[in-house]
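Now for the letters of each chain:
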Amino acid sequence: MKTLARALGLLVAAAALLAGPARAQAPADFPHKPIRVIVTFPPGGSADAVVRMLVPKLNDRLGQPVVVDNRPGAGGNVGLTAVVKSPGDGYTLGVGAAGALSANSSLYAQMPFDPQKDLKPVAMLAAIPFVIVGHPSIGAKTQAELLALARAQPGKLSIGHGGNGTAMHLSAALFAQMAEVKLVEVPYRGSGPAAVDAMAGQIPLAVVDLPSSLQQIKAGKLLAFAVSSPQRLPMLPEVPTVAEAGLPGYDSTGWFGVVAPAETPAPIVARLNAEINAALRDEQIQAAMRNLGVEPAPGTPKAFDDYIRAETKKWAQVIKAANIKLD
């Protein structure tokens, strides 16, 4: 009997060792100290604004302060490198966007980290649709007329965007590729300056976000040809999507979400995901986000991981075809 008991004890111990982290539970006192969120954008932008909207709700739900740490630079690589180098204990998180989490690995010859190996998706926060706009004097009223104009003047029509390697840049490149037109892409230091120059007639076309263009579109100072998202936008219901206006399958949406160091335990990720999703489903927060021109996008860590992988593959093809490099 003693031999049998000893053997059973060894089997139980071996099973516990094999189960290891898979059976681990989030610490009962998690979180027991402040959580730092490294935002890879400067203060005042859409991503920063959304995170700060969520902070009070997360403070209440988690019972600990959530502290925002803005670390912009290198298309998001600076901030996410700091996340990768942090302990995977749930107390350091990052907010990264489409560039750093999916496109940069194709844009940069060398990356300081591998987004899919060194980071663990926690929760997608928001999607950001873009609008293709032009000066009213451009000589086209619809996307079909715009493409006819571009084909009649190959390489002469320019299109501004929010900066090299940004989601707006890639949206412009995908638009030109799918339409089989040659456009001169002009980088700006953000969506706002591109919208201002398009409104002033300094540049005929631009791909911009809603916060920098909505009022000008409503006032007739900018002509909206199409939106980049798969569905029409509630704020611009009369403006068709690029796909329905003649380029089926076109879908280019900016997005950002929360990630953690790769070794962060799954139970902690699940707890953080649940609290973030609860905040995103708050009606007041949803209304405030939509006023910013961003769409709340709650979901599971797996869904976010699958989306990042699909976006990485998609943009790698676009970047290669357009021969876009940032170093």
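Residue numbering note: each chain is counted from 1, following its sequence as written. Selection of residues for local features in this predicted model requires a pLDDT of at least 70, selection of side-chain atom pairs for listing and counting requires 80 or more, and totals for whole chains, interfaces and linings are taken over all residues. Side-chain figures throughout are based on the complete set of non-hydrogen atoms in the structure, without hydrogens or water.

A. Fine view of the pattern of salt bridges. A carboxyl oxygen of Asp or Glu within 4 Å of a side-chain nitrogen of Lys or Arg is what we treat as a salt bridge. With the rule as written, the count across this model stands at 11 salt bridges. Here E275 and R271 are joined by a salt bridge, their closest N and O atoms 2.9 Å apart. Residue E275 and its partner R271 are both found in helix 10 (residues 266-280); the two are separated by four residues, about one turn of the helix. On the basis of relative accessibility, which here comes to 10%, the residue E275 falls in the buried class. Ionic contacts of the salt-bridge type, sharing partners, join the residues R36, D69 and R71 into one network. Helix numbers and strand numbers start at the N terminus; a helix is a DSSP run of H or I with at least 4 residues, a strand a run of E with at least 2. Burial classes: relative accessible area under 20% of the type maximum marks a residue as buried, over 50% as exposed, and values in between as partly exposed (1.4 Å probe, protein chains only).

B. Examining the sheet that holds strand 8 (residues 205-209) more closely. Reading across the sheet, the five strands line up as 7-6-8-5-9 and stay open at both edges, with mixed pairing between neighbours. Strands with a single pairing partner mark the edges of an open sheet, and in this sheet they are strand 7 (184-187) and strand 9 (223-227). Each adjacent strand pair in this sheet contributes to an overall mean axis angle of 30°, direction not counted. Pairing between two strands requires that DSSP report at least two bridges joining them. Across four bridges, strand 5 (residues 130-134) lies against strand 9 in antiparallel orientation. Bridge pairing links V133 to A224 in strand 9. To get an axis, fit a line to the C-alpha atoms, keeping to the stretch in contact for a helix; angles then go from 0 to 180 degrees between the N-to-C directions.

C. Representation of the environment of G94 within the structure. Within the secondary structure, G94 is located in strand 3 (residues 92-97). A residue is classified by how much of its surface remains accessible, and G94, at 0% relative accessible area, is buried. Contacts are assigned to residue pairs with any non-hydrogen atoms lying within 4.5 Å of each other. Filtering out sequence-adjacent residues up to four positions away, G94 remains in contact with I38, L80, V83, G257, V258 and V259.

D. Molecular detail of the sheet that holds strand 11 (residues 295-296). Read from one edge of the open sheet, six strands run 2-1-3-10-4-11, paired in mixed fashion. The open sheet terminates on both sides in strands that have one partner only, identified here as strand 2 (66-70) and strand 11. Here strand 1 (residues 35-39) pairs with strand 3 via four bridges, running parallel. Bridging from a neighbouring strand, V39 pairs with V95 of strand 3. Together, strand 4 (119-128) and strand 10 (254-261) form the strand contacts of helix 12 (residues 301-322), whose direction differs from that of strand 4 by roughly 75°.

E. Spotlight on the packing of aromatic side chains. Aromatic pairing here means that ring centres of Phe, Tyr or Trp (its six-membered ring) are within 6.5 Å. Orientation follows from the plane angle: under 30 degrees is stacked, over 60 is edge-to-face, and everything else is tilted. Applying the stated criterion across every chain, the model contains four aromatic pairs. The interplanar angle of 65° and the centroid separation of 5.2 Å between the aromatic rings of F30 and Y91 together place this pair among those described as edge-to-face. Separated by 61 residues along the polypeptide, F30 in the loop between helix 1 (2-19) and strand 1 and Y91 in the loop between helix 3 (77-84) and strand 3 bring together distant segments of the chain. Judged by its relative accessible area of 4%, F30 is buried. Using a relative accessible area of 8% as the deciding quantity, one classes Y91 as buried. Relative to Y307, the ring of W255 has its centre 5.5 Å away and its plane inclined at 70°; by these criteria the two rings are edge-to-face. Pair noted here: W255 is in strand 10 and Y307 is in helix 12, with a separation of 52 residues, a long-range link. Either the NZ atom of lysine or the CZ atom of arginine qualifies as a charge over a ring when it sits within 6 Å of the ring centre and within 35 degrees of the ring normal. Positioned over the ring face of Y91 is K33, at 4.8 Å from the centre of the ring.

F. Just unusual backbone geometry, in detail. Following F30, the chain continues into P31 via a peptide bond in cis, with omega recorded as -10°. Mapped onto the fold, P31 is located in the loop between helix 1 and strand 1. Even without glycine at this site, A74 takes up a positive phi of about 55°. Locating A74 in the fold gives a position in the loop between strand 2 and helix 3. Residue classification places A74 among the partly exposed positions, given a relative accessible area of 39%.

G. Main features of the pairing of strand 5. Of all five residues making up strand 5, five are buried, and the element is well covered by its neighbours. Burial along strand 5 is two-sided: the residues F130, I132 and G134 and V131 and V133 are all buried. Bridge count for strand 5 against strand 8 is five bridges, and the pairing is antiparallel. Each bridged residue has a counterpart across the sheet, and for I132 the counterpart in strand 8 is V207.

H. Summary view of the packing of helix 2 (residues 46-62) against helix 10. Where helix 2 contacts helix 10, the two axes come as close as 9 Å, and the packing angle between them is 130°. The orientation of helix 2 relative to helix 10 falls into the category oblique. Here helix 2 and helix 10 pass one another in a crossing that is right-handed. Contact with helix 2, carried on its side by L54, K57, L58, R61 and L62, involves R271, E275, I276, A278, A279 and L280 of helix 10 and no other residues of that element. Tallied by class, residues from the contact of helix 2 with helix 10 come to seven nonpolar, no polar and four charged. In this scheme, roughly parallel covers angles under 35 degrees and roughly antiparallel covers those over 145, while 65 to 115 is roughly perpendicular and the rest are oblique. Whether a crossing is left-handed or right-handed is set by the direction in which the near helix is turned from the far one by less than a right angle, anticlockwise for left-handed and clockwise for right-handed. Any residue outside Ala, Val, Leu, Ile, Met, Phe, Trp, Tyr, Cys, Pro, Asp, Glu, Lys and Arg is labelled polar, Gly included; the first ten of those are nonpolar and the last four are charged.

The quantities given are spatial measurements derived from coordinates; they are silent on function.
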